[in-house]
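Reading the structure
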Amino acid sequence: MFIITVIKLLLIALNIFPSRFTNRRIMFLIYMTNLVTHVMMDEPRFAQPIPNVTVAVGRDANLPCVVEHLGGYKVAWIHIDRQMILTIHRHVISRIPRYSITYADNTWLLHVNQAHQDDRGYYMCQVNTNPMISQVGYLQVVVPPNILDIESTPSSVAVRENQNINMTCRADGFPTPKIIWRREDGEEIAVEKKKKVLVYDGDVLPLTKVSRNEMGAYLCIATNGVPPSVSKRIILDVEFSPMIWVPNQLVGAPAGTDVTIDCHTEAHPKAIIYWVYNSVMVLPSKKYKTDYTENSYRAHMKLTIRNLQYGDFGNYRCISKNSLGETEGSIRVYEIPLPSTPSKQVTHTTVESRESNIIPSLRNDTTKSLQTDLYAMKNDLYAGSGSSSAGSSSSAASSSSMQTSLLPGGAAGNSLSALSGAGGKGSLAIGKSIFFTERPPNEYASSLAGALAEHRLSWLGAGLVLLFAAL
């Protein structure tokens, strides 16, 4: 295109000037001739621009410079940012051994081996013509992110509950990395107690009034578009004194059975947990079985008591202790009766029921003793049924007075008489209520009164006093 343009200019010039030759015309023709000759001699020129190249640090990079019609001219490479001549023609001038040059098919290829960040910048390909010709390309050296541990929060950090903490994560790289935070367990991050987010952007993660629920592992992730991305795991420990929760403070179980009691505790640092009964630590044995399960700062403790006996009932304490404090929970194990069956009755364990069992026992023993003696009295009465009516009448009178005097204040005698009804006699009422299944025949009444007066009046009165006192 340039040659065609020159020819067109010559034709225009010939048409403008007259046919006669002048000095001006001759000088113009000489200039145009030299110009065309210069063009026709194929001076060096660049066939294509130098591309911009991007490479990760540590990788190799190549910068091409394509020159046509070089002839006897030389090609040189220069690092403009360093103001350093790297190569001239096929020779490496720089003392940096990572640079080298190759030539093939009009292409002068500059090799940068294991590129460093210092190699980033503009590179010039120059041909030593007169005037000099050159073109420029850019080498971009990118660096993947790298977390700076010396400027970041340690991998494990502790803080007291309800205090504030700022966790920091610094990273370098090119381009400048972006820092994001997230929890390893996928839970939300509480920012300023009013805002919860899954991902937090920034070098510093502020946490205010930290609670035990925020304890765990946090991930600081640095990215800048250059693989690989990197992350740092920071464990946040929230310290607090032990706390205990007892689901059931009263547990009942029958004797001879097994029972399990349990406590839930929370503490950090990790607490020492154990059971105490009667001021003695409970250790695993044939009698006791202990189970402990832990999850983070929580623990669940169980105690199984085998074959409950009288001495196993009472208060059991679960104790949790760490460097910040100590607490305990109390569980009372009490005895309950076994379910009743038709062939067996269960004895109640309360104090009132135990006392009530003593009186029926005393009643039964006294009744059996009196029944035995009344059997003997009955036989005697049947043998002496021929006694006179007068003697019966006097004996009955003395028997009645003796019963009244033996019972305190006569009250017991009156009560005893009331048992026989309005028309009955006291002696018959006594026999009926204690022994006889039905009222004795009338003909035995006088004989019974006489026998009581003559033989067993004093003993019977004392026995009746004991009987009714027991009742």
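Our structure's up above, just so we're on the same page.
The structure reproduced in this document is the subject of the present report.

Scoring rules and cut-offs
- Residues numbered from 1 in each chain as written.
- Predicted model: local features only at pLDDT ≥ 70, side-chain atom pairs only at ≥ 80, totals over all residues.
- Heavy atoms only, no water.
- Helix = DSSP H or I, 4+ residues; strand = E, 2+ residues; numbered from the N terminus.
- Contact = heavy atoms within 4.5 Å.
- Areas by Shrake-Rupley, 256 points an atom, 1.4 Å probe, with all protein chains shown as cover.
- Pairing = 2+ DSSP bridges.
- Buried < 20%, exposed > 50% of the residue type's maximum accessible area, 1.4 Å probe, protein only.
- Polar contact = N/O pair within 3.5 Å; in protein donor to acceptor, adjacent residues only side chain to side chain.
- Salt bridge = Lys/Arg side-chain N within 4 Å of Asp/Glu carboxyl O.
- Phe/Tyr/Trp six-rings, centres within 6.5 Å; stacked < 30°, edge-to-face > 60°.
- Lys NZ or Arg CZ within 6 Å of the ring centre and 35° of its normal.

A few points about the overall build of the protein chain
When you go through the protein chain residue by residue, the secondary structure sums to seven helices and 28 strands. Counted over contacts in the protein chain with a minimum sequence separation of 6, partners at least 24 positions apart contribute 61%. Total accessible area computed for the protein chain in this model is approximately 28300 Å², and 54% of it derives from carbon and sulfur atoms.

A few points about the sheet that holds strand E8 (residues 107-112)
Ordered in space as E1-E3-E8-E7, the four strands form an open sheet in which the pairing is antiparallel. On the outer flanks of this sheet lie strand E1 (45-46) and strand E7 (99-104), each paired with one strand and no other. Of the strand pairs in this sheet, E7 and E8 are connected by six bridges, and their pairing is antiparallel. Counted as the bridge partner of Tyr 103 is Trp 108 from E8.

Some details on unusual backbone geometry
Here the residue pair Phe 174 and Pro 175 is connected by a cis peptide bond, since its omega of -5° sits within 30 degrees of zero. Cis geometry marks the peptide bond from His 268 to Pro 269; its omega dihedral reads 5°. Tracing the sequence through the fold places Pro 269 in the loop between strand E22 (259-268) and strand E23 (272-277). If you check the backbone angles, Asp 105 has positive phi at about 55° while not being a glycine.

As for the environment of Ser 320
Checked against the element boundaries, Ser 320 lands in strand E27 (residues 314-322). Exposure remark for Ser 320: the relative accessible area of 0% places this residue in the buried category. In contact with Ser 320, other than residues within four places in its own chain, are Pro 242, Ile 244, Thr 265, Ala 267, Ala 271, Ile 272, Ile 273, Gly 325, Glu 326 and Thr 327. Side chain to side chain, Ser 320 and Thr 265 meet in a polar contact 3.1 Å long.

Regarding the side chain of Ser 94
Relative to the elements of secondary structure, Ser 94 occurs in the loop between strand E6 (91-92) and E7. Judged by relative accessible area, Ser 94 falls into the buried class, the value being 11%. A polar contact of 3.1 Å, which involves the side chain of Ser 94, links it to the backbone nitrogen of Ile 96. Contacts of Ser 94, omitting those with residues within four sequence positions, involve Met 84, Ile 85, Leu 86 and Tyr 99.

Notes on the pattern of salt bridges
Following the criterion strictly, the structure yields 14 salt bridges and no others. Among the salt bridges present, the one from Arg 183 reaches Asp 185, with a minimum N-O distance of 3.2 Å. Arg 183 sits in the buried class, given a relative accessible area of 7%. With relative accessibility at 47%, the residue Asp 185 sits in the partly exposed group. By sharing partners, the salt bridges in this structure join Glu 161, Arg 212, Glu 266 and Arg 298 into a single network.

As for the packing of aromatic side chains
For any pair of aromatic rings, geometry is given as the distance between the ring centres together with the angle between the planes. This model, assessed by the stated rule, comprises four aromatic pairs. Both rings, one in Tyr 103 and one in Trp 108, keep their centres 4.3 Å apart while their planes meet at 40°; by these two values the pair is tilted. One cation-aromatic arrangement involves Arg 98 over Tyr 99; the distance from NZ or CZ to the ring centre is 5.9 Å. For Arg 120, the ring lying beneath its charged end belongs to Phe 174, and the centroid distance is 3.9 Å.

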